[in-house]
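Single-letter residue listing:
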Amino acid sequence: MMRRKPLIAIFLGVGAIFFASMSLWGQTQPSAGAGAPELVVWTYDSFVSEWGPAAQIAEGFQKQSGAKVRFVSKGDGGALFSSLLDIAKKPNADIVIGLDDRQLEKALTSDLFAPLKLVNLADIQKDLLLDPSNRLVPFDFGQFAFIWDSESNIEPPRSLEDLTKPIYRKKVIIMDPRTSTPGLGFLAWTQAVYKAGWRDYWKRLSPSILAMTPSWDTGYGLFTKGEAPLVLSYSTSPAYHKAYENTERYKALKFSDGHPQQIEFAGVLSTSQNKLLAQKFVDYLLSQECQSFLPETQWMFPANRSAKLPASFSVVSKYPSVNAKVQDIDRDPSDAANILISSH
Amino acid sequence: MQSGNGSFEQRLGKTEIILSIALIAILSFSLAPLVAFAKNAIVGAGHASLLASLGSISVPVIVRSLQFTLLQAFASTALAIGIGLPGAWLAARFRFPGRRALLALAAVPFCFPPILVILAFILYYGKEGYFSAFLALVMGQKNEYRGLLYSFWGLVLVHAFYNFPIAVHQISALWMRIPESQKEAAKTLGANRIMAFRTGTLPWLLPGIAQAAGLIFLYCFFSFTTVLVFGGRTGSTLEVSIYQALRYQANAGLALLFSVIETGFALLGIWFITGMTQKKQHALRDFGRRRELSSPKGSQRVLLAIYGILLLIFFIGPLVSIVVEAFRVPASLGGASHFGFGNFERLLKGFQAPLLKAIRATLTLSGSAALLATIAGVIAGISVFIGKKAGKLHFTNRIVEALQWLPLAVSPAVFAYGWLFLSPDRTISAALIAAQAVIAWPFVSRAVSASLQSLDPRMREAGRTLGASPLRAFLTIDLRVIAPSVAAAAAFAFSITAGDVNVPLMLGMSEIETLPLLLFRLTAAYRFNEACAAGLVLGLMTGIVFFLKEKAIDVA
């Protein structure tokens, strides 16, 4: 009988682990209906990062409404959009923050979003309101631009064409157009400038690209670590370095091709069980209070006209814009990425 | 005698029936997701089906992906063997401090998930990394940095350093058994040292090298996270292509096509490995006990020292930098930093406090998966053993034995999405547990059947002559003997599942964030210091196998 004891101990141990894990497992399941309602927001990486606005928004909205908000990062904007259209699983969020104007048309035909009635919509800059049904509403905007490290001893490029010059070999970081909205924006930029010849441009650009990163965070992180002197970002990015590092070392370059605009949108999913509360949240996102801290967390311009710009934005200049749409959003991002991958 | 034997067989028959039922359960558990995935990909469920998406499939893209997958796997394997061979020779011939540590390194690829090692390599070999800084110091000036890490050779380097300890461990174990006498005989016949090695040692060593190479090749062939992070634009492995097709093109048909091609090539690799394993066993049968180790002399000492220093610089250095960086707290993206617990604090108390939640999610999800895997693995392992013992391999036994190769043959994406299609309400966490368990049970099963085979059959006989039923004899003798290896295998299963980032990434899981997922997110967002803090926690969790008596390497 003595011999059986270790055996029994093993079985008991396994059983204990099993039940412990089961009870813990119960706790990780989102508790539905218990206590105060909780809103789930799907968004992209930098929105929830340490320097992003998510924490402040969650706090502000809880103060106003008493409701908790949980942010879930889905990667960059492209990955976020893909998650919404997952083949096996419907999105279980209430709110989506961070689709952009190039994804707008496809997002609206998907019928994922519910129309919204928002008080603060009246204060939003009129030219940003691209969806007359108010299912997706703009909360901030900016201009794409390449950021240049002025201490890199390399001459700044003046146009998209300049980027293909041999002196920029492996000096440029861009984002993947399949997974990130800046990447998609860059694709649209090249299509606006080169029209049908965009594939050819990507081939010529290929030697200059050091990395095509899955998200803006990764690319900008590589850049600030000094891996390359040029990165695709926004004309507003220098404000970050002004505010946090008090430096004007990183400059947004003005290109002769003009600069595409990016408008970022938020919406409430029609499958949400908390539509009214979710609508309130989006209204808060557009409010003057929330919009006034977006510039120094999102590093974008606020969509609300009454929100004031911080001092750090004095280093930001507005460039001539160019209208840029993706020709075929289902095909071109993959094609573009494959051009860079294969011509390596 | 005759009648006693008959009743034993009858009783064995009963055990066999019970086992068969359990085996069928394991079988359907492992194969159901494959069927579900194939069905959904071909028929289509509210998305592009295979037939509908055939038109959008570009053959050159598939061919390029396959070419790249094979090329990087061959290069990585060659380099891993190249780095591993000197180590294998040293460990097989000499006694030296750190020899056991060198062999124990083989647990690294199994205990530390790729995402952690990737992070280490970025910190160390990146432009601002320690190694690069060291190089700049030695060379006097900063030479033109070419972004090696993000090139083809960077990828190969990471793969090679991740996998070379497997080569050291596997090859040295064989080398130790090859007697010097063969080589000496060749020498007395007038051969020079190289010739003597070629005729006296190499023929016996080659199957072992080939087997290790085959294994490393398969691991690199399926490489996902490393390529996802570093590959960027050098190329896309089949595994990454499957991920892109599923997550970004909503094209299950294309994913199916990629995974069928992948499995086809993986089966070739497995066929090669099993062939080489048999050859190796033949070679081993020719020799007796392993040789005594000798003390290194003169030039051999120099060689040892050089190998040790190179390993420290190139392999241990990156791992150490994780620990250092975990405690370095940056003030802003490009600004100053100081040392402290700030990163941990941020993860524990900061916005949404992800660390504690991630630890809990990892323990529960991977714990459940490991538990499932252990139960299934023990049953499968025992049945394979019994089948072999009885001399007649049952049909189900044969299948189970073949199924043990499953995680080396089928993309985790297929298991993950297959289970997602199967799970009620398409619950991601259920699919995650099931998919991870399917990937982990074969490791447990192999460990169990191997340790049962090493058991002295006389003990069981003795138990039976004393009147114990086969089942009872099994419970009291066999199970007690294999308990330590079951525990090691269970811990190993936990290591695999807890460190796995493939399945959650494939599933696009982020509502519940496990530790490797948190690590991936932080790394992808370039928040390295926080990533290191999370990585340290994950490393301590998965590294637990190191502290067990029976090491993970024996299991693997």
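Residues numbered from 1 in each chain as written. Chains lettered and ligands numbered in written order. Predicted model: local features only at pLDDT ≥ 70, side-chain atom pairs only at ≥ 80, totals over all residues. Heavy atoms only, no water.

Moving on to the overall build of chain A. Within chain A one finds 13 helices and 11 strands. Here chain A, with 344 residues, has 61% of them falling under the buried criterion. Put simply, chain A shows about 13,900 Å² of open surface, and 54% of that area lies on carbon and sulfur atoms. (Helix = DSSP H or I, 4+ residues; strand = E, 2+ residues; numbered from the N terminus. Buried < 20%, exposed > 50% of the residue type's maximum accessible area, 1.4 Å probe, protein only. Areas by Shrake-Rupley, 256 points an atom, 1.4 Å probe, with all protein chains shown as cover.)

We now examine the overall build of chain B. Along the backbone of chain B there are 26 helices and two strands. For chain B, the proportion of its 556 residues judged to be buried stands at 58%. Put simply, 78% of the contacts in chain B that link residues at least 6 apart link residues at least 24 apart. Roughly 23,300 Å² of accessible area belongs to chain B as shown, and the carbon and sulfur atoms make up 67% of that amount. (Contact = heavy atoms within 4.5 Å.)

Let us look at the pattern of salt bridges. Residue and element names in this part refer to chain A. As enumerated under the stated definition, the model contains 22 salt bridges over all chains in all. Salt-bridge contacts for Lys63 lead to Glu59; the nearest nitrogen and oxygen are separated by 4.0 Å. In this pair, Lys63 and Glu59 are both assigned in helix α3 (residues 54-65), four residues apart and thus about one turn of the helix distant. With a relative accessible area of 68%, Lys63 lands in the exposed category. A network of salt bridges, in which partner residues are shared, links Arg199, Arg331, Asp332 and Asp335. (Salt bridge = Lys/Arg side-chain N within 4 Å of Asp/Glu carboxyl O.)

Before going further, it helps to examine a nonpolar patch on the surface. All names here are of chain B. Residues Phe134, Leu135, Leu137, Val138 and Met139 make up a contiguous nonpolar surface patch of roughly 510 Å² in combined accessible area. The residue Leu137 is located in helix α7 (residues 130-139) in this model. What makes Leu137 exposed here is its relative accessible area of 72%. (Patch = residues over 30% accessible without salt bridge, like charges linked within 9 Å, V, L, I, M, F, W, Y side chains within 5 Å.)

We now examine helix α6 (residues 114-125) of chain B. Residues and elements named next belong to chain B. With 12 residues, α6 extends 16 Å between its outermost C-alpha atoms, agreeing within 8% with the 16 Å of an ideal straight helix rising 1.5 Å per residue. Counting buried positions over the 12 residues of α6 gives 11, a clear majority of the element. Restricting attention to buried positions, one finds in α6 the residues Ile115, Leu116, Val117, Ile118, Leu119, Ala120, Phe121, Ile122, Leu123, Tyr124 and Tyr125. (Expected span 1.5 Å × (residues − 1).)

Moving on to the confidence of the model for chain B. Residue and element names in this part refer to chain B. Residue-level pLDDT values for chain B average 82, and 85% of them are 70 or greater. By mean pLDDT, helix α26 (residues 552-555) is the weakest element of chain B at 48, and helix α3 (residues 59-93) is the strongest at 93. Across residues 1-8 the pLDDT falls below 50, and counting only partners more than four positions away or on other chains, this stretch makes two contacts in the model. (pLDDT = per-residue confidence, 0-100.)

Residues and elements named next belong to chain B. Tracing the sequence through the fold places Ser445 in helix α20 (residues 428-453). The class of Ser445 is buried, set by a relative accessible area of 0%. Polar contacts involving the side chain of Ser445 include one to the side chain of Gln404, which spans 2.3 Å. Ser445 has contacts with Gly377, Ala380, Gly381 and Gln404, leaving out every residue within four places of it along the chain. (Polar contact = N/O pair within 3.5 Å; in protein donor to acceptor, adjacent residues only side chain to side chain.)

The subject of this paragraph is the pairing of strand β6 (residues 172-175) of chain A. Residue and element names in this part refer to chain A. Taking every second residue as pointing to the same face, both faces of β6 are buried, with Val172 and Ile174 on one and Ile173 and Met175 on the other. In terms of strand pairing, β6 meets strand β7 (residues 209-213) through four bridges, oriented parallel. Residue pairing for β7: Ile174 is matched across the bridge by Met212. Inspection of the sheet shows β6 paired to strand β8 (residues 230-234) by two bridges, in the parallel sense. Paired with Val172 across the strands is Leu230, a residue of β8. (Pairing = 2+ DSSP bridges.)

This paragraph deals with unusual backbone geometry. With a phi close to 60°, A:Asn153 is a non-glycine residue in the positive phi region. Classification of A:Asn153 by relative accessible area gives exposed; the value is 79%. The backbone phi angle of B:Ala250 is positive, close to 45°, even though this residue is not glycine. Locating B:Ala250 in the fold gives a position in the loop between α13 (238-247) and α14 (252-286).

All right, on to the packing of aromatic side chains then. One pass over the full model with this rule turns up 47 aromatic pairs over all chains. Taking 6.3 Å as the distance between ring centres and 90° as the angle between the ring planes, the aromatic pair formed by A:Phe47 and A:Phe139 counts as edge-to-face. Of this pair, A:Phe47 sits in helix α2 (residues 45-48) while A:Phe139 sits in strand β5 (residues 136-149), placing them 92 residues apart in sequence. Relative accessible area serves as the criterion here: at 0%, A:Phe47 is assigned to the buried category. Considering the side-chain rings of B:Phe161 and B:Phe164, the 6.1 Å spacing of their centres and the 90° angle between planes classify their relative orientation as edge-to-face. (Phe/Tyr/Trp six-rings, centres within 6.5 Å; stacked < 30°, edge-to-face > 60°.)

Our next topic: the pairing of β5(A). The side chains of a regular strand alternate between both faces of the sheet. All names here are of chain A. Buried residues dominate β5, accounting for 14 of its 14 residues. Sheet topology places β5 next to strand β10 (residues 261-269); seven bridges connect them, and they run antiparallel. Along β10, the bridge assignment pairs Gln143 with Gln261. Both β5 and strand β11 (residues 301-302) contribute to a ladder of two bridges, which runs antiparallel. In the strand pairing of β11, Phe141 is matched with Phe301.

You can see A:His241 is positioned in helix α9 (residues 238-245). Setting aside chain neighbours within four positions, we find A:His241 in contact with A:Tyr220, A:Thr224, A:Asn246, A:Thr247 and A:Tyr250.

In a regular helix each residue adds 1.5 Å, so 20 residues correspond to 28 Å; helix α11 (residues 202-221) of chain B covers 27 Å between its end C-alpha atoms and thus fits that length. Burial runs high along α11(B): 16 of the 20 residues are buried.

Turning next to the nonpolar core. Generally speaking, soluble globular proteins have nonpolar side chains that are buried together. Counting residues in each nonpolar core, the largest one holds 235 residues, and the members touching the most others are A:Phe146, A:Ile174, A:Phe186 and A:Trp202. The biggest single contributor to this core is α20(B), with 16 residues. Apart from the residues lying within four places of it in its own chain, the contact partners of A:Ile174 are A:Phe146, A:Phe186, A:Trp202, A:Ile209, A:Ala211, A:Met212, A:Thr213, A:Leu232 and A:Leu340. A:Phe71, A:Tyr240, A:Phe265 and A:Trp299 belong to the second largest nonpolar core, which has 60 residues in total. (Core = buried A, V, L, I, M, F, W, Y, C linked by side-chain atoms within 4.5 Å.)

With that settled, the discussion passes to the packing of helix α16 (residues 342-349) of chain B against helix α25 (residues 528-542) of chain B. To describe two helices that pack against each other, one gives the angle between their axes and the distance between the axes. All names here are of chain B. α25 packs onto α16 with a crossing angle of 80° between their chain directions and a minimal axis gap of 8 Å. With respect to each other, α16 and α25 are oriented roughly perpendicular. From α16, Asn343, Phe344, Arg346 and Leu347 reach across to α25, where they touch Asn529, Glu530, Ala533, Ala534, Leu536 and Val537. For the contact of α16 with α25, the per-class residue count stands at six nonpolar, two polar and two charged. (Axes fitted to C-alpha atoms, helices over the stretch in contact; angles between N-to-C directions. Parallel < 35°, antiparallel > 145°, perpendicular 65-115°, else oblique. Nonpolar A, V, L, I, M, F, W, Y, C, P; charged D, E, K, R; others polar.)

With that settled, the discussion passes to the packing of helix α10 (residues 193-200) of chain B against α11(B). Residues and elements named next belong to chain B. The N-to-C vectors of α10 and α11 enclose an angle of 65°; their axes lie 5 Å apart at closest approach. Residue-level inspection shows Phe197, Arg198, Thr199 and Gly200 of α10 in contact with α11, the latter providing Leu202, Pro203, Trp204 and Leu205. Of the residues contributing to the contact of α10 with α11, the split by class is five nonpolar, two polar and one charged.

Turning our attention to the environment of A:Leu187. Residue and element names in this part refer to chain A. Relative to the assigned elements, Leu187 resides in helix α6 (residues 181-194). Using a relative accessible area of 0% as the deciding quantity, one classes Leu187 as buried. Distance in space between the C-alpha atoms of Leu187 and Pro177 is 6.7 Å, their sequence separation being 10 residues. Those residues in contact with Leu187 that sit more than four places away from it in its chain are Pro177, Trp198, Trp202, Val326, Asp332, Pro333 and Ala336.

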